Amino acid sequence: MTDFVVIGGGIAGVAAAAHLARHGSVTLLEMESSLAYHTTGRSAALFVLNYGGEGSRPLAVASRAFLESPPEGSVDAPLLTDRGALWLAEEFQLEQLRKIAAEGVASGAGSRLLDRDEMLSLVPRLRPERVGAGLYEPSARDIDVAALHQAFVRIARRHGAEIRLSSPVTGLSKLGQGWRVSTPHDDLECFAVVNATGAWGDRVAAMAGIGPIGLQPMRRTAFMVPGDRDFARWPMVVDVDHRFYFRPDGVQLLCSLAEETPSEPGDPRPDMEDVALAIDRINQATTLEIRSVSSQWTGLRTFAPDRELVIGEEPTAPGFFWLVGQGGIGIMTSPGYGALIASQVLGTSPPEDLVRAGVDPARTSPARFR
Ligand SMILES: Cc1cc2nc3c(=O)[nH]c(=O)nc-3n(C[C@H](O)[C@H](O)[C@H](O)COP(=O)(O)OP(=O)(O)OC[C@H]3O[C@@H](n4cnc5c(N)ncnc54)[C@H](O)[C@@H]3O)c2cc1C
């Protein structure tokens, strides 16, 4: 018997395991032979406050303290490095820019509007004739995703959590006050189950006879192109209508079409037409003249119907907890939702720092779909 079973070894699963392990025995089950193989290993790794659903944004605010000062011994180097984010608008996109600027004020992002000259001094390779105005969020940072994931793994293991790879959950059934969780190797009995299976969230719930949330995985492709050391201080540049983005990554540029293509759970491969379209749009907006790609990958950003996270106990199945719908913000909000899900599994009040950050558990509760 284990107290808690966490299903899924992406960032959500390990964040939950790290926060639960100090309160009881935890077994984390991951179907792949390595952790973070799916969406978590394929992100753009940015912390940016002016992004994501209104109800989920406070989780990023609540995560900042952990990301800035992770628990002793959990990391070998800082998790965050300065980056900045620049929302780019042509003349015809100024209304959308004003909307994002207003959302930025509401989320405390500290962003400010820039004129053409200020934008060109930040990113000299923008084409002046394509620049209308911009919105700059100086506090946006790069996250070392692998190190953050590993930090949660270290914390979980330090408190005795067991992590099992190549252990797909194939069955879930109610067992008195708790649950029986089946894998091809054996059955586990536990008091509570946390479903942190990303794109597979509804399918895993169905094993327990629980109706779907309506999760929709969306493909997004990213790719690297050769860059230049001079670009290193540029911010991330994002088209306000999400038609493309790019940011320095070492001596390369990480680029994306920022597309959202509905998809099935799985292991998607890049569509080179998406890569070509992104290159075309970036070349139109800049003088980068991108011609070659050094690597490319595709991940699934999985959304609930209202695009807010889904965190908490399933009303129709006591002891079954959802931790899904992280969409495009699942890395930067992970310390916050890890703490929130742990308090819900334990039946305690949300931690004070989450409340202070404005986290309202009702906004992310699965009860809103029932
Ligand atoms: C191109 C791109 C850019 C992004 N940029 C950012 C960004 O800048 N900032 C940010 O915060 N977020 C970003 N994201 C989003 C972020 O990556 C996701 O929100 C996050 O990784 C989701 O984590 P997860 O643990 O829910 O899912 P996953 O990492 O997919 O983990 C789910 C795990 O569950 C396992 N699993 C599934 N079914 C079973 C089963 N039956 N039994 C056992 N295990 C199972 C899977 O194998 C998988 O390991 C980006 C995503 C993409 C694709």
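Just so you know, these numbers come straight off a predicted model, no measurement behind them.

About the thresholds
Every residue gets a number counted from 1 within its own chain, in the order that chain's sequence is written. Note on the predicted model: pLDDT of at least 70 is required for a residue's local features to be given, and 80 or more for side-chain atom pairs to be given and counted; whole-chain, interface and lining totals, by contrast, use all residues. Side-chain measures here rest on the full set of heavy atoms in the structure, leaving out hydrogens and waters. In these notes, residues near a molecule or strand are those with any non-hydrogen atom within 4 Å of it. Each polar contact in these results corresponds to two N or O atoms within 3.5 Å; when the atoms are within protein, one needs to be able to donate a hydrogen and the other to accept it, and residues that are neighboring in sequence are counted only if both atoms are side-chain atoms. Computed with the Shrake-Rupley method and a 1.4 Å probe, the accessible areas treat only the protein chains shown as cover for residues. Put simply, DSSP marks the helices as runs of H or I at least four residues long and the strands as runs of E at least two long, and each gets a number from the N terminus on. Side-chain classes are defined by residue name, with Ala, Val, Leu, Ile, Met, Phe, Trp, Tyr, Cys and Pro counting as nonpolar, Asp, Glu, Lys and Arg as charged, and the others, Gly among them, as polar. An axis is simply a line fitted to the C-alpha atoms; with a helix, the fit covers only the stretch in contact. Between two such axes, the angle follows the N-to-C directions and lies from 0 to 180 degrees. Should the near helix be turned anticlockwise from the far one by less than a right angle, the crossing is termed left-handed; should it be turned clockwise, right-handed. Residue contacts follow a heavy-atom distance rule, with two residues in contact if any of their heavy atoms lie within 4.5 Å. Ring geometry is summarised as follows: Phe, Tyr and Trp rings, the Trp one being its six-membered ring, pair when their centres sit within 6.5 Å, and such pairs are stacked at plane angles under 30 degrees, edge-to-face over 60 and tilted between the two. Only protein chains enter the area calculation, which uses a 1.4 Å probe; residues under 20% of their type maximum are buried, those over 50% are exposed, and those in between are partly exposed. We call a charge positioned above a ring when the Lys NZ or Arg CZ atom is no farther than 6 Å from the ring centre and deviates by at most 35 degrees from the ring normal. In a helix, the anticipated span is given by 1.5 Å times the number of residues less one. Note on pairing: DSSP must find at least two bridges between two strands before they are called paired. Salt bridges, as used here, are contacts in which a Lys or Arg side-chain nitrogen is within 4 Å of a carboxyl oxygen on Asp or Glu.

**Let's talk about the site of the ligand**
Step number 1: Glu30, Thr40, Leu46, Gly327 and Met332 are the nearest of the 37 residues found near the ligand.
Step number 2: For the ligand, an oxygen atom lies 2.8 Å from a polar atom in the backbone of Leu46.
Step number 3: In the complex, the protein chains occlude 96% of the 1000 Å² of accessible area that the ligand would expose alone.
Step number 4: Among the secondary structure elements, those contributing two or more residues to the shell around the ligand are helix 1 (11-20) and strand 18 (295-303).
Step number 5: For the shell around the ligand, the residue count by class is 17 nonpolar, 15 polar and five charged.

**Focus on the packing of helix 1 against helix 5 (residues 145-158)**
Step number 1: Here helix 1 crosses helix 5 at 35 degrees, and the two axes come no closer than 8 Å. For the element pair helix 1 and helix 5, the recorded crossing hand is left-handed. Mapping the contact onto sequence places Ile11, Val14, Ala15, Ala17, Ala18 and His19 in helix 1 and Leu148, His149, Phe152, Val153, Ile155 and Ala156 in helix 5.
Step number 2: Partitioning the contact of helix 1 with helix 5 into residue classes produces ten nonpolar, two polar and no charged.

**With respect to the packing of aromatic side chains**
Step number 1: Scanning all chains against the criterion turns up six aromatic pairs.
Step number 2: Measuring from centroid to centroid gives 4.2 Å for Phe231 and Trp234, while their planes differ by 15 degrees, and the two rings are stacked. Accessibility assignment for this pair places Phe231 and Trp234 in one class, buried.
Step number 3: Site record: aromatic cluster; members linked through ring pairs are Phe231, Trp234, Phe244 and Phe246.
Step number 4: Residue placement shows Arg42 over the ring face of Tyr37; its charged tip is 5.1 Å from the ring centre.

**Considerations on helix 5**
Working note: α-helix, 3.6 residues per turn, so residues spaced by three or four point in the same direction.
Step number 1: The first and last C-alpha atoms of helix 5 sit 20 Å apart over 14 residues, in line with the 20 Å expected at 1.5 Å per residue.
Step number 2: Every buried residue of helix 5 is accounted for by Val145, Leu148, His149, Ala151, Phe152, Val153, Ile155 and Ala156.
Step number 3: Taken together, the buried residues of helix 5 touch helix 1, helix 2 (57-68), strand 8 (141-143), strand 9 (162-164) and helix 8 (334-346).
Step number 4: Phi turns positive, to about 95 degrees, at Gly160, one or two residues after helix 5.

**With respect to the sheet that holds strand 8**
Step number 1: Spatial ordering of the open sheet is given by 3-8-4, a layout of three strands whose pairing is antiparallel. Taken across any chain shown, the strands that pair with only one partner, and hence form the sheet edges, are strand 3 (46-47) and strand 4 (80-82).
Step number 2: Bridging between strand 3 and strand 8 involves two bridges; their strand directions are antiparallel. Bridging from a neighbouring strand, Leu46 pairs with Asp142 of strand 8.

**Structural notes on the pattern of salt bridges**
Step number 1: Taken as a whole and judged by the stated rule, the model has 27 salt bridges.
Step number 2: Among the salt bridges present, the one from Glu103 reaches Arg57, with a minimum N-O distance of 3.8 Å. You can see Glu103 sitting in helix 3 (residues 94-106) and its partner Arg57 sitting in helix 2, a full 46 residues away along the chain.
Step number 3: Notably, a salt bridge pairs Asp82 with Arg141, separated by 3.7 Å at the nearest N-O pair. One end of the pair, Asp82, is in strand 4; the other, Arg141, is in strand 8, with 59 residues separating them in the sequence.

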